[in-house]
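Observations on chain architecture
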Amino acid sequence: MKFETAYIPIGVPTFHLESAQKEFESSIETLRKFDSDIKVPEEMLLSIDKLNAFLDGINPDLVIVQNITFANGAYITEVLRKLPCPVVLWTLREPVIDGGRLRLNSLTGAYSAANMLRSFGRPFTYVFGSPNEEKVQKTIGAAINAARLKRAMRELNLLQIGHTPQGFGFGRALDAEMAATFGTNLISIEARELIDKAKTFTDEDAADYLADARDKIRALDSVKEKNVLDFARLYKAYAEYVKANDIGALSSRCWPDFFTAFGTPVCAVLAMLNDLGVASACEADTYGALSMFACQYLTGKPAFFGDPVSMDENENTITFWHCGTAACSLAREDTGAEAGVHCNRKIGPTLEFGCKAEPSVTIFRIGKDAEGKFRFFIAGGEALDKPKQFLGTSIVIKTDCKADSIVYSSVEAGWEPHFAVAMGDVSAELECLANMLGIECDIY
């Protein structure tokens, strides 16, 4: 079914209807900028009967409830009884203050609606202002994008390949927990299944995958030929499984199995998949993969995945790094994505580059607190034009908040050591998503 947003302008006919009608028409015009197919009523819903008639014809993923004039709590009660989806509550600014008649009384209506929302235990996003105000448009746009992402998570098949290494259990996910919280379908297989499949392919079988890699990765010939050919086989095995099972994101075990049982790392395979739009995390970090998926969905670009490894207080930067799984398209233009060998095992191919500059990025993590409850980490910044910092792939972020404050606070709060970096400012969308899911946020 197609994603659906619905606009629900509630009120009563005893206020200044000429003013209300202008706001109604202006609101629809604004909302269609963010969702051209948004469901809107033919007229303002100024009675319970008209409201119910409209509600009976929609099945939305998000409702934008606006007090077009004052409406008592019975109106929002009907919405909450019939629609289980997230809610944006929108208060209109009073159009005229001249000592005369109160035209809309939208704000009092918002208090009535919010009181009922809380009574129902329903989280909601709130915004106050007229349709043409930037803050209003930003909030509504973020909420619609968050609702789209929430639905995409519900339709997502996430593949968990193998188990997390010892000491990395923070990334291990349970299928029931993943489905209950995010609606995501978690599929689990053993790493040996894909390793064994890769071993059955000939050089000719994997030739197209090797050609694709040569188009994106420089200096592949610097890596031993056997490892390059085995990488192409593994790339084919992963890509075919992803396609056959409609996988949108995956987490993969990497060390030690791919060095010991296959002789070639999986790093470059994950990089290629990231460029194909399949969010792919290493070290079997499934919540890391889901974090990457959210970032990729909201920006339309691959997300970086890595550890925070360095901080420069004077520059106000934090460097994120990993062994070489970043999408080739994130590489600096002057170097491109180069092939190398794993920094510890000295076996390739891995990816080697520093990420190109990006004016706005968002650092994000879906994690858990000490009690096992989900939480979101959100921080904004700018990716600087920096060369590769260490062997592997790296990105240097000048954070909006003080870098040392972020590091101290997140370490003390027990955050996991893997983070996704979205290539764009999607903080508002992620905060809205957390609200829709009833998940707490640590915002920096």
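To keep things clear, this report deals only with the structure shown in the data block. (Residues numbered from 1 in each chain as written. Predicted model: local features only at pLDDT ≥ 70, side-chain atom pairs only at ≥ 80, totals over all residues. Heavy atoms only, no water.)

Considerations on the overall build of the protein
On a plain count of helices and strands, the protein comes out with 14 helices and 18 strands. Since a compact globule built from 444 residues should have a radius of gyration of about 22 Å, the 25 Å found for the protein is in line with a globular shape. Taken over the C-alpha atoms alone, the protein extends approximately 80 × 50 × 40 Å along its principal axes. Within the protein, counting contacts between residues at least 6 apart in sequence, those at least 24 apart form 76% of the total. When the accessible surface of the protein is summed, it comes to about 18600 Å², and 49% of that surface belongs to carbon and sulfur atoms. Here the protein holds 45 positive side-chain charges and 60 negative ones, and the gap between their average locations is 2 Å. (Helix = DSSP H or I, 4+ residues; strand = E, 2+ residues; numbered from the N terminus. Rg over C-alpha atoms; globule rule 2.2 N^0.38 Å. Contact = heavy atoms within 4.5 Å. Areas by Shrake-Rupley, 256 points an atom, 1.4 Å probe, with all protein chains shown as cover. Lys, Arg positive; Asp, Glu negative; His and termini not counted. Charge placed at Lys NZ, Arg CZ, Asp CG, Glu CD.)

Structural notes on unusual backbone geometry
The omega torsion across tryptophan 255 and proline 256 is -5 degrees, close enough to zero to call that bond cis. Here proline 256 is to be found in the loop between strand E8 (249-252) and helix H10 (257-260). Residue proline 349 is bonded to the preceding glycine 348 through a cis peptide linkage, with omega at 0 degrees. By secondary structure assignment, the location of proline 349 is in the loop between strand E12 (337-340) and strand E13 (350-354). For asparagine 316, which is not glycine, the phi dihedral falls at a positive 60 degrees. Mapped onto the elements, asparagine 316 comes out in the loop between strand E10 (304-312) and strand E11 (317-322).

Describing the pairing of strand E16 (residues 393-399)
With six of its seven residues buried, E16 lies for the most part within the structure. In this structure, E11 lies alongside E16, joined through six bridges in antiparallel fashion. Bridge pairing in E16 links threonine 319 to valine 396. Pairing geometry for E13 and E16, over two bridges, is parallel. Looking at the pairing, phenylalanine 353 lines up with threonine 393 of E16. Where strand E15 (residues 374-383) and E16 come together, three bridges link them in antiparallel fashion. Each residue of the ladder has a partner; that of alanine 383, found in E16, is isoleucine 397. (Buried < 20%, exposed > 50% of the residue type's maximum accessible area, 1.4 Å probe, protein only. Pairing = 2+ DSSP bridges.)

Overview of helix H9 (residues 225-244)
Here H9 is 20 residues long and its end C-alpha atoms lie 29 Å apart, about the 28 Å a rise of 1.5 Å per residue gives. Looking one or two residues past H9, aspartate 246 carries a phi angle of roughly 50 degrees, positive in sign. (Expected span 1.5 Å × (residues − 1).)

With respect to the sheet that holds strand E5 (residues 157-161)
Strands sit in the order E6-E5-E8-E9 across an open sheet of four strands; the sheet is parallel. The open sheet has two edge strands, strand E6 (185-189) and strand E9 (279-281), and neither has a second partner. Within the sheet, the average angular offset between the axes of one strand and its neighbour, ignoring direction, is 15 degrees. Two elements, E5 and E6, share five bridges in a ladder whose sense is parallel. Opposite leucine 159, over in E6, you have isoleucine 187 as the bridge partner. Along the sheet, helix H11 (residues 267-275) makes contact with E8 and E9, crossing E9 at roughly 160 degrees. Here helix H12 (residues 286-299) sits on the sheet in contact with E5, E6, E8 and E9, set at roughly 150 degrees to E9. (Axes fitted to C-alpha atoms, helices over the stretch in contact; angles between N-to-C directions.)

Regarding the packing of aromatic side chains
Summed over the entire model, instances satisfying the criterion amount to 14 aromatic pairs. Centroid distance phenylalanine 168 to tryptophan 255: 5.6 Å. Interplanar angle 80 degrees. Geometry classified as edge-to-face. Of this pair, phenylalanine 168 sits in the loop between E5 and helix H6 (175-182) while tryptophan 255 is found in the loop between E8 and H10, placing the two residues 87 residues apart along the sequence. Considering the side-chain rings of phenylalanine 320 and phenylalanine 419, the 5.9 Å spacing of their centres and the 70 degrees angle between planes classify their relative orientation as edge-to-face. On the criterion of sequence distance, the pair formed by phenylalanine 320 in strand E11 and phenylalanine 419 in strand E17 (residues 419-422) is long-range, its members being 99 residues apart. You can call phenylalanine 320 buried: its relative accessible area is 3%. Directly above the aromatic system of phenylalanine 201 lies the positively charged group of lysine 236, at a separation of 4.9 Å from the ring centroid. A cation sits over an aromatic face here: arginine 375 above tryptophan 415, 4.0 Å from the ring centre. (Phe/Tyr/Trp six-rings, centres within 6.5 Å; stacked < 30°, edge-to-face > 60°. Lys NZ or Arg CZ within 6 Å of the ring centre and 35° of its normal.)

Describing the nonpolar core
Ranked by size, the top nonpolar core spans 124 residues in total, and within it Tyr238 and Leu250 carry the most contacts. With 10 residues, the top contributor of residues to this core is helix H5 (residues 134-154). Setting aside anything within four residues of it in sequence, one finds tyrosine 238 in contact with Ile161, Leu194, Leu250, Ser252, Phe258, Val266, Val269, Leu270 and Leu273. Ranked by size, the runner-up nonpolar core spans 26 residues in total, among them Ile8, Val63, Ala114 and Leu117. (Core = buried A, V, L, I, M, F, W, Y, C linked by side-chain atoms within 4.5 Å.)

No statement about biological role is implied by the geometric values presented.
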